[in-house]
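Summary of structural features
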Amino acid sequence: MSERTRGVSIELEHLTKIYPGVAAPAVDDVTMTIPAGEMVVFVGPSGCGKTTTMKMINRLIEPSAGAIRLGGVDVTHGNPVELRRRIGYVIQSVGLFPHMTIAANVGQVPTMLGWKKADVRERVEQMLELVGLEPSTFAGRYPRQLSGGQQQRVGVARALAADPPVLLMDEPFGATDPITREHLQLEFRGLQQELGKTVIFVTHDFEEALALGDRIAVLADQSRIVQYDTPRVLVGAPAEEHVEQFVGSSAHVRMLSLLTAREAASPSVAATRDIPAEATLRRALDELISGVPALRVVGEDGKVWGGLDFQGLCRSVARYFRDPENARTPEGMTIRS
Amino acid sequence: MAEPSVWDYLGSQWSHIEPLMVEQVELIALVMVLAAMLGVGVGMAIWDKPGSGGLVIGAAAAFLTIPSLALMTLFLPIFGLGWTGTVVALVLYAQLPIIRNTVAGLQGVDPGVLESARGIGMSPRRVLVHVQLPLAWPVIIAGVRVATMLVFGISAIAAYVSGPGLGALIFTGLQRFGAVNSLNQAAVGGLGITVLALAFDGAYLLLRRLTVSRGIRV
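Residues numbered from 1 in each chain as written. Chains lettered and ligands numbered in written order. Predicted model: local features only at pLDDT ≥ 70, side-chain atom pairs only at ≥ 80, totals over all residues.

Quick look at the overall build of chain B
Scanning chain B from terminus to terminus reveals 9 helices and 0 strands. The order of α-helices and β-strands along chain B, N terminus first, is α-α-α-α-α-α-α-α-α. With respect to the principal axes defined by its C-alpha atoms, chain B has extents near 75 × 40 × 20 Å. Counting the 218 residues in chain B, one finds 37% classified as buried. Sequence-distant contacts in chain B: of pairs separated by 6 or more residues, those separated by 24 or more amount to 74%. (Helix = DSSP H or I, 4+ residues; strand = E, 2+ residues; numbered from the N terminus. Buried ≥ 20, exposed ≤ 12 C-beta atoms within 10 Å, placed from the backbone. Contact = placed C-beta atoms within 7 Å.)

Some remarks on the interface of chain A and chain B
A common way to report how large an interface is uses the accessible area buried once the components associate. The partner chain B presents 17 residues to the 22 residues of chain A that form the contact. Among the elements of the structure, α2 (80-85), β6 (87-91) and α4 (108-112) of chain A are those that each provide at least two residues to the side of chain A that touches chain B. Examining the composition of the side of chain A that touches chain B, we find that 4 residues originate from one element, α2 of chain A, more than from any other.

Overview of the pairing of strand β8 (residues 198-203) of chain A
All names here are of chain A. In terms of burial, β8 is a largely internal element, 6 of the 6 residues being buried. Here 5 bridges tie strand β3 (residues 39-43) to β8, and the two strands are oriented parallel to one another. Across the sheet, V40 pairs through a bridge with I200, a residue of β8. Across 5 bridges, strand β7 (residues 166-170) lies against β8 in parallel orientation. Bridging across to β8, M169 finds its partner in F201. (Pairing = 2+ DSSP bridges.)

Brief notes about the confidence of the model for chain B
In this model, chain B carries a mean pLDDT of 91, and residues with pLDDT of at least 70 account for 99%. Here the predicted complex scores 0.84 on pTM and 0.83 on ipTM. (pLDDT = per-residue confidence, 0-100.)

Quick word on helix α9 (residues 182-211) of chain B
The terminal C-alpha atoms of α9 of chain B lie 43 Å apart, and with 30 residues this matches the ideal 44 Å at 1.5 Å per residue to within 8%. For α9 of chain B, the elements touching its buried residues are α1 (6-46), α7 (124-155) and α8 (167-175) of chain B. (Expected span 1.5 Å × (residues − 1).)

Points about the sheet that holds strand β4 (residues 65-70) of chain A
The strands that make up a sheet pair up through hydrogen bonds in the backbone, lying either parallel or antiparallel. Residue and element names in this part refer to chain A. Within the open sheet, the 4 strands sit side by side as β2-β1-β4-β5. Their pairing is antiparallel. One side of each edge strand has no neighbouring strand; the edge strands of this open sheet are β2 (27-34) and β5 (73-74). The pairing of strand β1 (residues 10-17) with β4 spans 5 bridges and is antiparallel. Note on β4: the bridge partner recorded for E13 is A67. With respect to the sheet, helix α1 (residues 50-57) is in contact with β1, β2 and β4, its orientation differing from that of β1 by roughly 120°. (Axes fitted to C-alpha atoms, helices over the stretch in contact; angles between N-to-C directions.)

The following block contains the structure:
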């Protein structure tokens, strides 16, 4: 594919939504910056205003007050229809057009933008390949002929077709079965890292938030931001009881999934069994429990980072709980595999 | 003198009956094209307006209760004898099922589909024309079918105001009841309308087959 549009930053400033006749605002004075190219997850209980906040960004819901800036440009006013064509949108019910073929669904935004037919067709093929659907098999089918997981892949392809810098996703994998959901999460995580889009992802599932987010915004009623941080800080140093509730009683175990073997490797530990440097500590622990005394941490390029034993693993996890600032170091921002 | 059989009557009078059948088909086709354009247009205008929409549907329903003979007579001073008054009356009678089905069809579109249509940047007009209308289409066609059957029945009355179609056979047959072939004449008029109505119904099935997307065909 030719040049792709990278993500741009999203700034929300004092964003507020008040519905007429309702005293309490649905969203009250939200100010936050979503850095360009990052995937930020809004997580919070049902009815906390997370979806309303997200829908104000593409103005499916018009803000009562405040401002939205995409890449520094104010988009609070001006034509919402044109704005939405520059913002990918994926929802839980997928919302594919049942009377259109998969190709027509995916090609919808490019067609509206006036692309030439041949260009649209080429883009549709690229997009279907991108989300793992063979174009020759799927392009001519109709949505009802696809499984739920396949439909959601088409939903993602449709959202990405016009190469928008920003993607909004409202519980996109919520309606799929657990196995499909995990597949889709992993795939989408990889896709996002490859494309570098700015993504806002809304969910009520904290597991999903941890699995996907570069940063997580934990929201409470009226979309109040309780904590906005990386998964490691959230788990290691929850700001309030509200966040602790989300993290639950198994914070240390959760942290295992957020750290890589490389980060826990020590030169002084000798081992023979190999583990990839980017594997999670969860996987490392699994191997250690199975009876291997120590693991050798090897990078994709063959570089040996050192050895990893049970003590090293415990130390590495504990570090984030003793001193959450560790999680804010550049190493703390390492992309997990 | 014994009444000749229907077949004898058909055979001897075919040159007289055939043009009436053609006229009947032309009348219904014209009425339904106009009625569908009007009814679907009105439905598209009111589907999302519960207040004024209710009024329009109520009016169309009330209209249907006016006896057709009375209405056509009322139209006489305005449109005179013949086609115009008949067409206007029939188009109006056809409105209720068409408008109601158009509204129901447009309202019945999955909210998730509508949200994603708006969310990817379709204008309200594009949502209506490219998403809602095609999805509502099977329901709209069903409404037009019902309206067609309704109009076929009422169209026979048009002969009373010298309107076109097979109604003329029924009326003449009844007026000279007892005379030779009077019963045959009325029966051929009535049966002719029935047969044509069934033919139209078949045509709608074909239209449905050809115009409803494969993705939503049941």
